[in-house]
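Commentary on secondary and tertiary structure
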Amino acid sequence: ELPREELLKYIGFMLQDVERLSVNINSMLNLARIESRVYEKEFAPVDVIETVRRFLAANRHIFKDSEIQVDAAAGQAIFHPVIVSLFEMLLMNILTNAIKYNASGRPRMVISFEEGRDALFIRFRDNGIGLTKEEKKSIFKKFYQGHRPDNVTSGGSGIGLYLVQQIARLHKGRITADSEGEGKGSLFTLSLPYSR
């Protein structure tokens with residue numbers, strides 16, 4: 001027999017674990033679908049800036065303690081064919097990583113867009129803990145997990161950024177990570193080539 005307060009505390013822990021396991025299972029199922037190319041016929045041209053804004057509005061509760069800025073002029077539109085569900089999964093993984101690996105007290109992210117001659121570049125710059133040279137080489141490997149400043153692992157599955165890389169490849173693009181060093185934030189760049 002436990003007091004109600006204690007019961008609620010333990011039930012809260014159980015629900016957190018169930019949610020974490022559910023996220024991990026869904027990530028693995030989505031990864032299996034991506035690797036088997038199930039999604040290939042679901043491309044649709046969308047305004048990627050508006051898609052990012054809608055995604056942030058729909059998930060405001062997840063990012064409520066963060067500051068996320070979309071660096072695009074009002075009314076600016078950039079259309080590109082994407083698989084919307086996967087593009088949103090990519091956004092979720094990059095943004096939650098930026099929050100998870102952050103010691104600033106207030107995670108910040110700036111999302112910017114650049115139309116190059118041959119590709120669309122979407123950049124995600126954060127104020128997180130940054131990356132070492134070794135991490136830059138390993139960060140997109142399956143099951144790789146970085147370490148938070150308190151040397152405690154993040155508790156994730158280690159497939160979030162691998163999933164991001166696979167989504168980029170499915171879109172015939174690529175994702176890169178850069179950082180000026182530990183404590184100096186990270187810059188993730190998604191490049192999506194224009195089809196001729």
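In the block above lies the structure referred to throughout.
Here goes a summary of the coordinates provided. The shown structure was predicted, so the numbers you read here are calculated from the model rather than taken from an experiment. (Residues numbered from 1 in each chain as written. Predicted model: local features only at pLDDT ≥ 70, side-chain atom pairs only at ≥ 80, totals over all residues. Heavy atoms only, no water.)

Section: helix H2 (residues 48–58)
- Taken as a whole, H2 has its buried residues at Val48, Ile49, Thr51, Val52, Phe55 and Leu56. Each buried residue of H2 sits inside an arc of 165° when the element is viewed along its axis, so together they form one side.
- Contacts from the buried residues of H2 go to strand S1 (44–47), strand S2 (67–71), strand S3 (79–82), helix H3 (84–100), strand S4 (108–115) and strand S5 (119–126). (Buried < 20%, exposed > 50% of the residue type's maximum accessible area, 1.4 Å probe, protein only. Helix = DSSP H or I, 4+ residues; strand = E, 2+ residues; numbered from the N terminus. Arc of directions from axis to C-beta. Contact = heavy atoms within 4.5 Å.)

A short note on the pattern of salt bridges
- Taken as a whole, this structure holds 3 salt bridges when the rule is applied.
- Note that lysine 9 and glutamate 6 form a salt bridge whose closest N and O atoms lie 3.7 Å from each other. Of this pair, lysine 9 and glutamate 6 both sit in helix H1 (residues 4–35), 3 residues apart, roughly one helical turn.
- With a closest N to O distance of 3.9 Å, aspartate 118 and arginine 117 form a salt bridge.
- Exposure remark for arginine 117: the relative accessible area of 73% places this residue in the exposed category. (Salt bridge = Lys/Arg side-chain N within 4 Å of Asp/Glu carboxyl O.)

Side note on helix H5 (residues 160–170)
- Most of H5 is tucked away: 9 of the 11 residues are buried.
- Looking at the residues trailing H5, positive phi occurs at lysine 172, about 65°.

With respect to the nonpolar core
- Ile111, Phe113, Ile122, Phe124 and Leu190 are the most contacted members of the largest nonpolar core, which totals 44 residues.
- Within the residue set of this core, elements represented by two or more residues are H1, H2, H3, S4, S5, H5, strand S6 (174–178) and strand S7 (187–193).
- The element best represented in this core is H3, accounting for 8 residues.
- When near neighbours in sequence (up to four residues on either side) are disregarded, phenylalanine 113 contacts Val48, Ile49, Val52, Val70, Asp71, Ala72, Ile78, Phe121 and Ile122. (Core = buried A, V, L, I, M, F, W, Y, C linked by side-chain atoms within 4.5 Å.)

Remarks on the packing of H2 against H3
- At their nearest, the axes of H2 and H3 sit 11 Å apart, and the two run at 60° to each other. Taken together, the axes of H2 and H3 lie oblique to each other. With respect to the hand of their crossing, H2 and H3 are arranged in right-handed fashion. Along the contact surface, H2 presents Val48, Thr51, Val52, Phe55 and Leu56, while H3 presents Val84, Phe87, Glu88, Leu91, Met92 and Leu95.
- Among the residues forming the contact of H2 with H3, the class breakdown is 9 nonpolar, 1 polar and 1 charged. (Axes fitted to C-alpha atoms, helices over the stretch in contact; angles between N-to-C directions. Parallel < 35°, antiparallel > 145°, perpendicular 65-115°, else oblique. Left-handed = near helix turned anticlockwise from the far one by under 90°. Nonpolar A, V, L, I, M, F, W, Y, C, P; charged D, E, K, R; others polar.)

Notes on the sheet that holds S6
- Read across the open sheet, the 5 strands follow the order S2-S4-S5-S7-S6; overall the sheet is mixed. The open sheet has two edge strands, S2 and S6, and neither has a second partner. Recorded for the sheet is a direction-independent mean angle of 15° between the axes of neighbouring strands.
- Here S6 runs beside S7; their pairing, made up of 5 bridges, is antiparallel. Pairing of isoleucine 175 across the sheet is with leucine 190, part of S7.
- The strands that H3 touches are S2, S4, S5, S6 and S7; relative to S5, the one it contacts most, it runs at about 25°. (Pairing = 2+ DSSP bridges.)

Structural notes on the packing of aromatic side chains
- By the definition in use, this model includes 2 aromatic pairs.
- Judged by centre distance (6.1 Å) and plane angle (70°), the rings of tyrosine 10 and phenylalanine 13 are edge-to-face. With tyrosine 10 and phenylalanine 13 both in helix H1, this residue pair falls 3 residues apart, about one helical turn.
- Lying across the ring of tyrosine 10, lysine 9 places its NZ or CZ 5.2 Å from the centre. (Phe/Tyr/Trp six-rings, centres within 6.5 Å; stacked < 30°, edge-to-face > 60°. Lys NZ or Arg CZ within 6 Å of the ring centre and 35° of its normal.)

As for the pairing of S7
- Most of S7 sits out of view: 6 of its 7 residues are buried.
- Examined bridge by bridge, S5 and S7 share 7 bridges and lie antiparallel to one another. Across the sheet, residue leucine 120 finds its bridge partner in S7, namely leucine 192.

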